[in-house]
Amino acid sequence: MAASGHATQKEGSLMADEQIYDVMILGSGPAGGTAAIYTSRAGLKTALVTGPVPGGQLTGTSEIENFPGFPQGLKGPQFGELLEQQARRFGTEFIFDIITAVDLSVRPFVLRAEEAAYRCRALIVCTGSSPRRLGLAAEREFTGRGVSYCATCDGRFFEGKTVAVAGGGDSAAEDASYLARLAGKVYVIHRRGELRAHAAMQKKVQENPKIEFLWHSVIEDLKGDERGLRRIVVRDVRDGAVKEVPTDGLFVAIGHTPNAGLFKDSLELDAQGYIVTDRLTRTKVPGVFAAGDVADPHFRQAITAAGTGCAAGMEATRYLEAEGE
Ligand code: NAP
């Protein structure tokens, strides 16, 4: 096991009393929280840097109904708090800070925030991804009040109602298909005249009688009242005609942006900017692991993020054990 503790002269320009963590985890969603539970429970000196959204993306989810083990469901923010409590119980230190630069070419690794620097022997990146937003002024106003970025999370709140999906990729098609099982009617609003989704998925949604396509259409505005979203203002890009579509919900499925910009020069990223790992969550830099949505363009679920967070925690522990031999 790598010894934790104080820096020595050999390790460079550290302050005499500066601490080195065995493991630092970036991100406080289900991947980061789970990784922290595993490494701190294994006796490693662990610090978790929460990042700009303590609790991660799930804090924007009203209710999580599909995390196994919680038959009554639980609120997004509550889930973050429970993870934090559990990780703290085993000694994880929570640091409410935002890392702005990393140096993975030195050992221990150096992570810099605006007013502090941190050092660690192993790093687990769990910075998640952010759903792309339409960029409308009203979008934030209705987020959680009709506007959602996760059909699997929030679809059930629209049983029998009318909803719309924005986008034309696999996510939009999958969301439309999923929502059609619950909602009474689903509009797909897409800016072009053809879907980007794969052929089988296209066929499936286009044959679904509950799904209606608004092609060549962009969303210009959202309107509602105290109960939430009520209408979407849609413009046809071909002739400029504007109409209002009555709807109770809007699911924005125009892609995600992985929060991996910090690592663009030090880790391998794929064409979409996700961190590339092997199946053991290892990146190309020994001692650096990535878990959750920042390395997963596909599933993006709390339970899969927690699963890879667990794997990264175990692999980081093994790495440090091997290093200490
Ligand atoms: P995506 O493939 O990038 O599609 C994004 C869609 O949103 C596109 O149709 C795009 O329109 C539209 N769009 C982007 N920005 C927009 C804006 N500002 N306003 C309006 N529309 C906008 O993203 P994704 O569907 O999330 O898929 C991401 C990756 O995951 C893909 O590789 C996909 O194949 C994969 N995925 C696979 C599955 C599956 O196999 N089951 C499920 C989900 C995702 P344009 O078409 O005009 O560019």
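Enquirer: Give a detailed account of the nonpolar core, specifying residues and quantitative values.
Expert: Counting residues in each nonpolar core, the largest one holds 28 residues, and the members touching the most others are V23, I25, F79 and I124. Every element with two or more residues in this core is listed here: β2 (19-26), α1 (30-41), α2 (76-89), β7 (117-125) and α7 (302-324). With seven residues, α7 is the largest single contributor of residues to this core. Contacts of I124, omitting those with residues within four sequence positions, involve V23, M24, I25, L26, A35, T39, F289, A312, G313 and A316. Y21, I95, V125 and V288 belong to the second-largest nonpolar core, a separate cluster that totals 24 residues.

Enquirer: An account of the domain arrangement of the chain is needed here, citing residue identities and associated values.
Expert: When its domains are assigned, the chain resolves into domain 1 (20-130 + 256-323) and domain 2 (133-252). With centres defined by C-alpha atoms, the gap from domain 1 to domain 2 works out at 32 Å. Counting residues at the interface gives seven residues for domain 1, matched by six residues for domain 2. Between domain 1 and domain 2, a total of about 600 Å² is buried, with carbon and sulfur atoms accounting for 37% of that surface. A salt bridge links R156 to E65; the shortest N-O distance between them is 2.5 Å.

Enquirer: Explain the side chain of D293 to me, and be specific about the residues and the numbers.
Expert: Counting through the fold element by element, D293 comes out in the loop between β18 (288-290) and α7. Summary of buried charges: D293 has no salt-bridge partner, and the nearest side chain of opposite charge, R300, is 5.5 Å away. Among residues more than four places away in sequence, those in contact with D293 are Q57, G128, S129, Y274, R300, Q301 and A305.

What counts, and at which threshold
Residues numbered from 1 in each chain as written. Predicted model: local features only at pLDDT ≥ 70, side-chain atom pairs only at ≥ 80, totals over all residues. Heavy atoms only, no water. Core = buried A, V, L, I, M, F, W, Y, C linked by side-chain atoms within 4.5 Å. Buried < 20%, exposed > 50% of the residue type's maximum accessible area, 1.4 Å probe, protein only. Helix = DSSP H or I, 4+ residues; strand = E, 2+ residues; numbered from the N terminus. Contact = heavy atoms within 4.5 Å. Domains from an automatic or database assignment. Buried area = accessible area lost by both parts, 1.4 Å probe. Salt bridge = Lys/Arg side-chain N within 4 Å of Asp/Glu carboxyl O. Lys, Arg positive; Asp, Glu negative; His and termini not counted.

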